[in-house]
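# Architecture and fold: a report
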Amino acid sequence: MDQKTALVVGARGVIGGNIIAHLEREGGWNIVGLSRRGGTDAGAVRHVAVDLLDRDEAIAKLGELAGVTHVFYAAYQDRPTWAELVGPNLAMLTNVVDAIEPAAPALEHISLMQGYKVYGAHLGPFATPAKEDDPPHMPPEFNVDQQQFLERRQDGARWSWSALRPSVVAGVGLGNPMNLAMVIAVYASMSKELGIPLRFPGEPGAYTSLIEMTDADLLAKATVWAGTNPESRNQAYNIANGDLFRWSSMWPKLAAFFDLDVAPPLTIGLTDVMADKAGLWSEMVERHGLVPTPYEDVSSWQFGDFVFGWDYDVIADTSKSRRAGFHEYVDTESMFLRIFQDLRDQRLIP
């Protein structure tokens, strides 16, 4: 079989890092990881540091990657408002495609990472379970703009595209603005340090609404599957673990991992109440011999407030991917406990 070359854009994030790890396990891939910070080359993986918002730099550095056959795009730039997200995130994808398409004659596929924002999940109650062909909502929405760009660009091109739509992604990773597992782990660890029970910090309705998660490793498998499955050309797929839950039943199980009691929910606003906890974190790092990590890189409390504020069901129909041949699933409770144990083993939490 011909050697394939994957360009993983956003290689240092939870999603991109898991895609690289899956490609390494699968074998038969040369892998180029793209990120602003770069990384250490090892085995089949080499890293390229590039600012994708700098078009000239992107064209120059990506123009050298003539062997790329598959692009797995998982880059993201955060901004304060939905409208402000559009410009930079569309520009980064555009710069990647503008650079790699003429440089890589064997390019076969471009994979785009999206999410339930396509359905308006971030705006309020939406039609559930969401399906890939649901009607669009009023913009702005950068996920939609990115897909429309790929659709226009692919017309008549030799390559195809796919779009993966996970729910909230959970995995091991620091410095990521959308890592709910780290939010819960650090929040629980600090609760234990302070000798207080673990309270659900979100909206009352969020505690009892249905939600689902997407394991980062499961998402990596689905992404590579869609990118290499001929029947998945130019298709979008919802990808989730396969089970639904309510925080009201999941929360006590997560608290048990940390040997914590559970008290009734209390809407506290993590962004505000955790703002003064840098000193506590430094004490915990010292006392428990943790890997020294800046407090601002440990967790995104704003993202925690965002997810815990969903006082409505956030679920999608994942049957399209199963009908197309992707049958992997993950038990969400086991996923959380595995991630928490991994964080302990890596000395990232006590």
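Below, the structure is looked at part by part. (Residues numbered from 1 in each chain as written. Predicted model: local features only at pLDDT ≥ 70, side-chain atom pairs only at ≥ 80, totals over all residues. Heavy atoms only, no water.)

### Quick word on the nonpolar core
Heads up, the rule is: Here, nonpolar core means buried Ala, Val, Leu, Ile, Met, Phe, Trp, Tyr and Cys residues that are tied together by side-chain atoms lying within 4.5 Å of each other. Relative accessible area decides the class of each residue, using a 1.4 Å probe on protein chains only: under 20% of the type maximum gives buried, over 50% gives exposed, and in between gives partly exposed. To qualify as a helix, a DSSP run of H or I must reach at least 4 residues; to qualify as a strand, a run of E must reach at least 2; elements of each kind are numbered from the N terminus. Contacts are residue-level and defined by heavy atoms, with any inter-residue pair within 4.5 Å sufficient.
Formed by 86 residues in total, the largest nonpolar core has its most connected members in Leu180, Trp247, Trp251 and Phe336. Per-element tally for this core: the top contributor is helix α5 (residues 180-194), with 10 residues. Not counting residues up to four positions away in its chain, the partners in contact with Phe336 are Ala181, Ile184, Met213, Phe245, Trp247, Met250 and Leu254. Counting residues in each nonpolar core, the second largest holds 30 residues, with Val9, Val32, Met92 and Val96 among its members.

### Concerning helix α10 (residues 278-288)
The test is simple: By definition, the arc is the one covered by directions from the helix axis to the C-beta atoms.
Every buried residue of α10 is accounted for by Leu280, Trp281, Met284 and Val285. For α10, the angular spread of buried residues about the axis comes to 140 degrees, placing them on one side. The exposed set on the far side of α10, more than 90 degrees from its buried face, consists of Glu286 and Arg287. Buried residues in α10 make contact with α5 and α11 (295-298). Among the residues trailing α10, Gly289 stands out with phi positive, at a value near 65 degrees.

### Some points on the sheet that holds strand β4 (residues 70-73)
As a reminder, the rule being used: Pairing between strands is defined by DSSP: at least two bridges between the two strands are required. Interaxial angles span 0 to 180 degrees and are taken between N-to-C directions of axes, which are lines fitted to C-alpha atoms, for helices over the stretch in contact.
The strand order β3-β2-β1-β4-β5-β6-β11 describes an open sheet built from seven strands, whose pairing is parallel. The strands lining the two open edges of the sheet, one partner per strand, are β3 (45-49) and β11 (235-239). Along the sheet, successive strands turn relative to each other by an average axial angle of 20 degrees, direction set aside. Direction of pairing for strand β5 (residues 109-113) relative to strand β6 (residues 160-166): parallel, over a ladder of five bridges. Considered in β6, the bridge of Ile110 is made with Trp161. Contacts between helix α1 (residues 14-26) and the sheet are confined to β1 (4-9), β2 (29-35), β3, β4 and β5, with β2 contributing the most and set at about 165 degrees to the helix. Helix-sheet contacts for helix α7 (residues 216-228) involve β2, β4, β5, β6 and β11, and the interaxial angle to β6 is about 160 degrees.

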